[in-house]
Protein chains: 2
Amino acid sequence: MLDSLVKSDQAEKKSVFEIFVREIPQGRPFGVLAGTERVLAGLADFTFNGTHLSFLRSQNIISAITRDWLADFRFTGNITGYREGEIYFPFSPVLTVEAQLGEALILETFILSILNSDSAIASAANRIVEAASGRFVMEAGSRRISPESAVNAARAAYIGGVDVTSNLEAGRRWGIPTAGTASHAFTLAFGSEEEAFENQAKYLGEDSIFLVDTYNIEQGIRNAVNATNANLGGIRIDSGNLGVEAQISRKLLDDLGARQAKIMVSGDLDEYRIKDLITEPIDAFESGHKLVTGSGSGSAGFVYKLVEIEDSDPLIGMRPVAKNTSGKKSKGGRKLAKRKLDLAGIAIEESLFLDACNERIRTTGNFRDLQYLFVDEGVISGRFNIEDARNQLAKVLSEIPKEIRLRSGSHPAVTAVLYDGVEAIG
Amino acid sequence: MLDSLVKSDQAEKKSVFEIFVREIPQGRPFGVLAGTERVLAGLADFTFNGTHLSFLRSQNIISAITRDWLADFRFTGNITGYREGEIYFPFSPVLTVEAQLGEALILETFILSILNSDSAIASAANRIVEAASGRFVMEAGSRRISPESAVNAARAAYIGGVDVTSNLEAGRRWGIPTAGTASHAFTLAFGSEEEAFENQAKYLGEDSIFLVDTYNIEQGIRNAVNATNANLGGIRIDSGNLGVEAQISRKLLDDLGARQAKIMVSGDLDEYRIKDLITEPIDAFESGHKLVTGSGSGSAGFVYKLVEIEDSDPLIGMRPVAKNTSGKKSKGGRKLAKRKLDLAGIAIEESLFLDACNERIRTTGNFRDLQYLFVDEGVISGRFNIEDARNQLAKVLSEIPKEIRLRSGSHPAVTAVLYDGVEAIG
């Protein structure tokens, strides 16, 4: 496709693409954006080397002119968008790419793949953290998705609000706090649980977390208390009826003089199971599989759509365009996005203004600006770190009433409204 | 955890770990194994460099002795397992790692993460291909999952049976056949659909696939036929009621003299939607989102469990071990796996023999060997390429009756039975 655009002299036309979802997966009230910073970091390395070009030549996939075009590729356009940690709704233009048509098209898969995976996980993480209502949440899903994805999933989960990850490489790369617990294999490796826990107390510390369900939970707790003189940091329970086991364990720990010991539970926990467990004496939740696979929705559903193209008639200039087929309609024209808030600061509308009316909009109403210029003529002009993203989410969540944040199977919390210049005022 | 094993002199004990699932996601009859070859390829690069070690030191995560242990890490054990493209059931030991405890433990996340992601996608691909009943299937989900995952997903999907991928990097890396179609942006980039299709015919070829649903499908087909003198390769429909549109389109193409033109459909297709469409005049299905996110199950659910450990008493030698808690029981001891077939070659049992009885088993019954020695004392001793894996699946699928292959919400096609030496005979 790129090849025919280059050959038909279309690749250098000015174009504008917007990235948005048509719906939020599973009827959740909103999504949490993550991945933008990874897009920006990857943009500098987005080039085609000799190996790539040789393959394309050997397979006759592109012509010589397009090969030269790819060899010289460097992004020269603008990228504007929502910040990581911002929440979004159907049709929120979370990223806008303004560039030559060829440049913009070639970035489509790269940008979508990052935003779709990272936002799916940040959105799931946020629901799990919301369900945990302030209890500690550890992400420990690395073994469930591919190695590189696991590192990136840890990042997205941290943006979504988890306290800590078990992925050390994510800790190394982005400074995310890391933690771990022992495994069943650790306990099984020793001649007995007593021996295993004595070694854990000696080498990992009395205040570490003891996995007590390898053989028998009650005896496991007694062994952990004995091995630590009741100074254990906590226990982890990974099987059985977690709520019942937590109650029994709490009583036993207290009776044995280990009131300080925390109770952590794990085992395919998602927001629904955590919500069911929230009245139990549980201090920390470990979430793996469900979190890193998006809790039932492994991809956020972002699409990348051309909304404006340079007309061949210079008098027309940029021309709004949109696909016009059933079920997948969208509106042409570049949009300026603001969130309309009521007097209490609750979001009541995602307001999308056609670009032309920028100036008048800036002067009116209780709107919060949503878009930020990340790349200015090919140069990265603004970046936020992972703590910024996490803080952004904490801040903007206040725009969504607490009682609907965990809702699913219903409508988005707010809907997008497209304004032209006149309607927008007042 | 590794640190305390090294410090307590446990890391060099001989150990055996088995990788298996406790259940097949969504009650499907079987899973399709993929990822083993990626594990083998990655094993050689599985080392810890100065950057990794500095991070671990700076964070006080491990002691100096364990840092030295990591710096010298090289896998010296054996890996045995099912071939890629083999099908598996609950408790099938798809990979067995026999190594020093520290070596085996440190590979856990690496191995599980690859097998869990690749097998989830190969399993979904196989269901989609099964539903397509011989029609052409194209994988085009790269934009839905993270960039590196997309390349690996294309590989797993090809093992699962898809005909072609849209991911060019997967084509470059593994020789998988690639293909692509034009996008809505391509059509929108031109002044009119007529102009777009004329350029597509000129530069991509008259025999390419025309995306006809940007504005109006009927007019789109007429424009594609006009632009190609009725020689178009085919059309793609991405929206609307795909079955109805395919019927109308087939009649129109035939009426316009384009009987050779194929009809491809796309748009969040999974095995269920494809099954519903199979009586329609559709020649090819494109599957993206649902395929690369595992069609509802993004991770296969493999666990990595210690089954034997060297006892500190040399007279005991290797000692079988197993976790013994509710809901997550498993059986200790290394297993030899064979598939028991009836006289028609249909699988009737996954037969797991405790290692000790190898010799007697080899002489009896209609059992097919399932395990292959991939790594022998740290040296890769056997590898299969992606076509081998694909052929393996095609072959072993014949062991599962066609009418239950697409089943879900039920039991596995066969169950695993653990035999001791005496029971195995006869």
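Calculation notes
Residues numbered from 1 in each chain as written. Chains lettered and ligands numbered in written order. Predicted model: local features only at pLDDT ≥ 70, side-chain atom pairs only at ≥ 80, totals over all residues. Heavy atoms only, no water. Domains from an automatic or database assignment. Contact = heavy atoms within 4.5 Å. Buried area = accessible area lost by both parts, 1.4 Å probe. Salt bridge = Lys/Arg side-chain N within 4 Å of Asp/Glu carboxyl O. Helix = DSSP H or I, 4+ residues; strand = E, 2+ residues; numbered from the N terminus. Nonpolar A, V, L, I, M, F, W, Y, C, P; charged D, E, K, R; others polar. Pairing = 2+ DSSP bridges. Axes fitted to C-alpha atoms, helices over the stretch in contact; angles between N-to-C directions. Buried < 20%, exposed > 50% of the residue type's maximum accessible area, 1.4 Å probe, protein only. Phe/Tyr/Trp six-rings, centres within 6.5 Å; stacked < 30°, edge-to-face > 60°. Lys NZ or Arg CZ within 6 Å of the ring centre and 35° of its normal. Least-squares fit on C-alpha atoms with pLDDT ≥ 70 in both. Left-handed = near helix turned anticlockwise from the far one by under 90°. Core = buried A, V, L, I, M, F, W, Y, C linked by side-chain atoms within 4.5 Å. pLDDT = per-residue confidence, 0-100. Expected span 1.5 Å × (residues − 1). Polar contact = N/O pair within 3.5 Å; in protein donor to acceptor, adjacent residues only side chain to side chain. Parallel < 35°, antiparallel > 145°, perpendicular 65-115°, else oblique.

A. The domain arrangement of chain A, seen in detail. Splitting chain A by domain gives domain 1 (2-113 + 297-332 + 369-399) and domain 2 (181-265). The straight-line distance from the C-alpha centre of domain 1 of chain A to that of domain 2 of chain A is 49 Å.

B. A look at the interface of chain A and chain B. The interface is formed by 73 residues belonging to chain A together with 74 residues belonging to chain B. Taking both sides of the interface into account, the surface hidden between chain A and chain B amounts to around 5,900 Å²; carbon and sulfur atoms contribute 61%. Taken together, the connections running from chain A to chain B amount to 2 salt bridges. Broken down by element, the residue count for the side of chain A that touches chain B peaks at 8 residues, all from helix 6 (residues 108-132) of chain A. A breakdown of the residues in the side of chain A that touches chain B according to their chemical character gives 28 nonpolar, 30 polar and 15 charged.

C. Summary view of the sheet that holds strand 15 (residues 347-354) of chain A. All names here are of chain A. Judged by pairing direction, the sheet is mixed, and its 4 strands sit side by side in the order 16-14-15-19 without closing on themselves. Each of the sheet's edge strands pairs with one partner strand only, and the pair in question is strand 16 (367-369) and strand 19 (416-419). Strand-to-strand twist of the sheet, defined as the mean angle between neighbouring strand axes without regard to direction, takes the value 35 degrees. Alignment of strand 14 (residues 335-341) against strand 15, held across 7 bridges, turns out to be antiparallel. Bridge pairing in strand 15 links Ala337 to Leu352.

D. Molecular detail of unusual backbone geometry. All names here are of chain A. Of note in this structure, Asn60 is not a glycine but carries a positive phi near 60 degrees. Tracing the chain through its elements places Asn60 in the loop between helix 3 (50-58) and helix 4 (64-71). One non-glycine residue, Ala230, lies in the positive phi region at around 65 degrees. Judged by relative accessible area, which is 13%, Ala230 ranks as buried.

E. Main features of the packing of aromatic side chains. Going through the model one piece at a time under the given rule, you end up with 30 aromatic pairs over all chains. Between the aromatic rings of B:Phe46 and B:Phe110, the centroid separation amounts to 5.1 Å while the plane-to-plane angle is 55 degrees, which identifies the pairing as tilted. Separated by 64 residues along the polypeptide, B:Phe46 in the loop between helix 2 (36-43) and helix 3 (50-58) and B:Phe110 in helix 6 (residues 108-132) bring together distant segments of the chain. One aromatic cluster in this structure is built from A:Phe46, A:Phe48, A:Trp69, A:Phe73 and A:Phe110. A cation sits over an aromatic face here: B:Arg390 above B:Tyr158, 4.0 Å from the ring centre.

F. Here's a closer look at the sheet that holds strand 15 (residues 347-354) of chain B. Residues and elements named next belong to chain B. Strand order in the open sheet formed by 4 strands is 16-14-15-19, and the pairing between neighbours is mixed. Of all the strands in the sheet, just strand 16 (367-369) and strand 19 (416-419) have a single pairing partner and so form its edges. For this sheet the average axis-to-axis angle between neighbouring strands, irrespective of direction, equals 35 degrees. Strand direction decides the pairing type here: strand 14 (residues 335-341) and strand 16, joined by 3 bridges, are antiparallel. By the bridge assignment for strand 16, Arg339 is matched with Arg368.

G. Summary view of the relation of the copies chain A and chain B. Expressed as a screw transformation, the operator carrying chain A onto chain B has a rotation angle of 180 degrees and an axial translation of 0.0 Å, and the superposed copies differ by an RMSD of 0.0 Å. With respect to symmetry, the two chain copies, as superposed, fit the operation of a two-fold axis. Of the residues that chain A buries at the interface, 100% are likewise interface residues in chain B, meaning the two copies contact each other through the same surface.

H. Fine view of the packing of helix 11 (residues 217-227) of chain B against helix 12 (residues 242-255) of chain B. All names here are of chain B. Between helix 11 and helix 12, whose axes approach to 10 Å, the crossing angle comes to 35 degrees. Helix 12 is crossed by helix 11, and the crossing has right-handed handedness. Residues Ile217, Glu218, Ile221, Arg222 and Val225 of helix 11 form the contact with helix 12, whose own contacting residues are Glu245, Ser249, Leu252 and Leu253. Here the residues of the contact of helix 11 with helix 12 are counted per class, giving 5 nonpolar, 1 polar and 3 charged.

I. Quick peek at the pattern of salt bridges. Residue and element names in this part refer to chain B. According to the stated counting rule, one finds 55 salt bridges over all chains in the structure shown. With a shortest N-O distance of 3.6 Å, Arg405 and Glu130 are connected by a salt bridge. Here Arg405 is found in the loop between helix 16 (386-396) and strand 19, whereas its partner Glu130 is found in helix 6, with 275 residues between them in sequence. Overall, Arg405 belongs to the buried group, its relative accessible area being 15%. Between Arg319 and Asp311 there is a salt bridge, and its shortest N-O distance comes to 2.7 Å.

J. Seen up close, the nonpolar core. Residues A:Ile19, A:Val97, A:Leu107, A:Ile111 and A:Phe302 are the most contacted members of the largest nonpolar core, which totals 121 residues. When residues of this core are assigned to their parent elements, the largest contribution, 8 residues, is made by helix 7 (residues 147-160) of chain B. With 120 residues, the next largest nonpolar core counts A:Val162, A:Val265, A:Phe285 and B:Leu352 among its residues.

K. Up close: the side chain of A:Arg390. You can see A:Arg390 is positioned in helix 16 (residues 386-396). With sequence-adjacent residues up to four places away left out, A:Arg390 is seen in contact with A:Tyr158, A:Ile159, A:Gly161, A:Val162 and A:Asp163.

L. View of the confidence of the model for chain A. This prediction gives chain A a mean pLDDT of 92; 95% of its residues lie at or above 70. Low pLDDT, under 50, characterises residues 422-426 of chain A; the predicted model gives this stretch 7 contacts beyond four residues in sequence or across chains.

M. Geometry of the pairing of strand 3 (residues 78-81) of chain A. Residue and element names in this part refer to chain A. Covered by surrounding structure in strand 3 are Asn78 and Thr80 together with Ile79 and Gly81, the residues of both alternating faces. Sheet topology places strand 3 next to strand 5 (residues 95-100); 4 bridges connect them, and they run antiparallel. In the sheet register, Ile79 faces strand 5, and the bridge partner there is Val97. In this structure, strand 3 lies alongside strand 17 (residues 372-376), joined through 3 bridges in antiparallel fashion.

N. Representation of helix 11 (residues 217-228) of chain A in the model. Residues and elements named next belong to chain A. Along its 12 residues, helix 11 runs 16 Å from first to last C-alpha, staying within 8% of the 16 Å computed at 1.5 Å per residue. Lining the buried residues of helix 11 we find helix 10 (193-203), strand 8 (209-211), strand 9 (234-237) and helix 12 (242-255). Near the N-terminus of helix 11, the side chain that reaches the backbone nitrogen of Glu218, with its oxygen 3.1 Å away, is that of Asn216. Once helix 11 ends, the next one or two residues include Asn229, with phi positive near 50 degrees.

O. View of the pairing of strand 12 (residues 302-310) of chain A. Residues and elements named next belong to chain A. Of all 9 residues in strand 12, 8 are buried; the element is thus mostly enclosed. Sheet topology note: the strand 12/strand 13 (residues 318-320) ladder contains 3 bridges and is antiparallel. Note that in strand 13 the partner of Glu308 across the bridge is Pro320.

P. Structural context of the packing of helix 7 (residues 147-159) of chain A against helix 16 of chain A. Residues and elements named next belong to chain A. At their nearest, the axes of helix 7 and helix 16 sit 8 Å apart, and the two run at 40 degrees to each other. Judged by the angle between their axes, helix 7 and helix 16 are oblique. Contacts between helix 7 and helix 16 involve Arg155, Tyr158 and Ile159 from the first element and Ile386, Glu387, Ala389, Arg390 and Leu393 from the second. Of the residues assigned to the contact of helix 7 with helix 16, the class counts are 5 nonpolar, no polar and 3 charged.

Q. Inspection of helix 6 of chain A at higher detail. All names here are of chain A. A rise of 1.5 Å per residue sets the reference length of helix 6, with its 25 residues, at 36 Å; its end C-alpha atoms lie 36 Å apart and thus fit the reference within 8%. In terms of burial, helix 6 is largely enclosed, as 23 of its 25 residues are buried. Two residues or fewer past helix 6, Ser133 is found with a positive phi of approximately 45 degrees.

R. Structural view of the environment of B:Gly175. Structurally, B:Gly175 is set in the loop between helix 8 (168-174) and helix 9 (184-189). With 215 residues separating them in the primary sequence, B:Gly175 and B:Arg390 have C-alpha atoms 13 Å apart.

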